[in-house]
Amino acid sequence: MDNMNKLSINDQPTMLDWEAHLRAQQQQDHGPPEPPQQTNPYEGRVLGGAVPRDVPQLPPQAFTTSAQLLELVDKKVNVCLRDDKFIQGVMRSYDNYGNIVVKDSIEKIYSHAQKLFADVPRGMFIIRGENIAMIGEIDLDKDDDIPAGWTRAEVEVVFPLHKAESEARKEEQERKEANLARLGFVPEHGMEF
């Protein structure tokens, strides 16, 4: 009681005083006090392992697994493949390996030297996850806009130019690899210098 006389209205009770007060109140109302319950730091566990409550969690956009593809289902996407192909279409499905199904797809082919591009209809397209370099959602408001400086042309015009540029890049890459091999650098399978 002496402690109560020294308190002002602005003082906060200590936790021990508050717990003692609750125990006394409970004892008076319901009989003997219940044993204190232990808090479980692993409450709210997730599959694959326990996560303590006080550990900060990553935001959903930080996941780099195939689960990240969920937000792209039924949206128009642009897929850049490892062999420099570009596929656009509506992503309909994916699996846990990152394989995707793209509906109403078109392949974009480019001639960078002439600033020309063409669209090749591909229909339903299944892409293996290991071949995807990058994937992103297309802004439908800007989808029909042609980039500044580029011109749409017929496939018959763009394809030979695109093929010649691809072969020139491949020859340049082989020349680089040969020069580096003479210096003792040998790339691993699928690696580029």
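Structure's up top.
Model, not experiment: these values are computed from the prediction. Along each chain, residue indices are assigned from 1 in the same order as the chain's sequence is written. Where totals are concerned, whole chains, interfaces and linings use all residues; where local detail is concerned, this predicted model gives features only for residues with pLDDT of at least 70, and gives and counts side-chain atom pairs only at 80 or more. Neither water nor hydrogens contribute to the side-chain values; these are computed over all heavy atoms in the structure.

S.K.: Is there a simple way to explain helix H3 (residues 155–182) in this structure?
M.R.: In an α-helix, one turn spans 3.6 residues, which is why side chains three or four residues apart end up on the same side. Helix numbers and strand numbers start at the N terminus; a helix is a DSSP run of H or I with at least 4 residues, a strand a run of E with at least 2. The span you would expect from a helix comes to 1.5 Å times its residue count less one. Over its 28 residues, H3 runs 40 Å from end to end, which matches the ideal 40 Å to within 8%, given 1.5 Å per residue. Regarding H3, the residues found buried are Val158, His162, Glu165 and Gln173. In what follows, residue pairs with any heavy atoms lying within 4.5 Å of each other are defined as contacts. Those residues of H3 hidden inside the fold are in contact with strand E3 (100–111) and strand E4 (116–127). Where H3 terminates, the next one or two residues include glycine 184, which has phi positive at roughly 100 degrees. Residue burial is assigned from relative accessible area. The probe radius is 1.4 Å, only protein chains are included, and a residue is buried under 20% of its type maximum, exposed over 50%, and partly exposed in between.

S.K.: I would appreciate a short explanation of the sheet that holds strand E5 (residues 132–137) in the present structure.
M.R.: Strand pairing in a sheet relies on backbone hydrogen bonds, with the paired strands running either antiparallel or parallel. The strand order across the open sheet built from six strands is E5-E1-E2-E3-E4-E6, with neighbouring strands paired in mixed fashion. Each end of this open sheet is capped by a strand with a single partner; those strands are E5 and strand E6 (151–152). For two strands to be treated as a pair, DSSP must find no fewer than two bridges joining them. Of the pairings in the sheet, the one linking strand E1 (residues 76–81) to E5 comprises five bridges and is antiparallel in character. Across the sheet, residue valine 79 finds its bridge partner in E5, namely isoleucine 135. For helices, the fitted axis covers only the stretch in contact; all axes are lines through C-alpha atoms, and the angles between them, taken along N-to-C directions, range from 0 to 180 degrees. Along the sheet, H3 contacts E3 and E4; its crossing angle with E3, the most-contacted strand, is approximately 80 degrees.

S.K.: Teacher, can you tell me more about the packing of aromatic side chains here?
M.R.: The geometry of an aromatic ring pair comes down to the distance between the two centres and the angle between the two planes. Centre distance within 6.5 Å is the pairing criterion for rings of Phe, Tyr and Trp, where only the six-membered ring of Trp is used; planes under 30 degrees apart are then read as stacked, over 60 as edge-to-face, and the remainder as tilted. Tallied over the full model, the rule gives three aromatic pairs. Judged by centre distance (6.3 Å) and plane angle (35 degrees), the rings of tyrosine 110 and phenylalanine 117 are tilted. Classification of tyrosine 110 by relative accessible area gives partly exposed; the value is 22%. Take phenylalanine 117: its relative accessible area is 5%, and that puts it in the buried class. Consider the rings of tyrosine 110 and tryptophan 150, whose centres lie 5.5 Å apart with planes at 80 degrees: the pair is edge-to-face. Of the two residues, tyrosine 110 sits in strand E3 while tryptophan 150 sits in the loop between E5 and E6, which places them 40 residues apart along the sequence. Through successive ring pairs, a cluster of aromatic residues spans Phe86, Tyr110, Phe117 and Trp150.

S.K.: Looking at this structure, I do not really get the side chain of lysine 108. What am I missing?
M.R.: Here lysine 108 is to be found in strand E3. Side-chain atoms alone can form a polar contact between residues adjacent in sequence; in general such a contact is a pair of N or O atoms within 3.5 Å, and within protein one must be able to donate a hydrogen while the other accepts it. Among the polar contacts listed, one links the side chain of lysine 108 to the side chain of aspartate 119, at a separation of 3.0 Å. The residues contacting lysine 108, other than those within four sequence positions of it, are Phe86, Gln88, Phe117, Ala118 and Asp119.

S.K.: Please clarify how the layout of surface pockets should be interpreted in this entry.
M.R.: Where empty space is left in the structure can be found by rolling a water-sized probe over the atoms. Using a grid of 1 Å spacing that covers the protein atoms alone, one calls a set of points a cavity when a 1.4 Å probe fits there but cannot get out, and a pocket when the set is open and has protein on both sides within 12 Å along at least five of seven lines; lining residues are those with an atom within 4 Å of a point. Grid points are joined across faces, edges and corners, and a volume is the space filled by probe spheres set on the points. Taken as a whole, the second largest pocket holds about 360 Å³ of empty space. Forming the boundary of the second largest pocket are 16 residues, of which Gln88, Lys108, Lys142, Asp143 and Asp145 lie nearest the centre. Within the residue set of the lining of the second largest pocket, elements represented by two or more residues are E1, E3 and E4. Charged residues are taken to be Asp, Glu, Lys and Arg, nonpolar residues to be Ala, Val, Leu, Ile, Met, Phe, Trp, Tyr, Cys and Pro, and polar residues to be all remaining types, Gly included. Considering only residue class, the lining of the second largest pocket consists of five nonpolar, two polar and nine charged.

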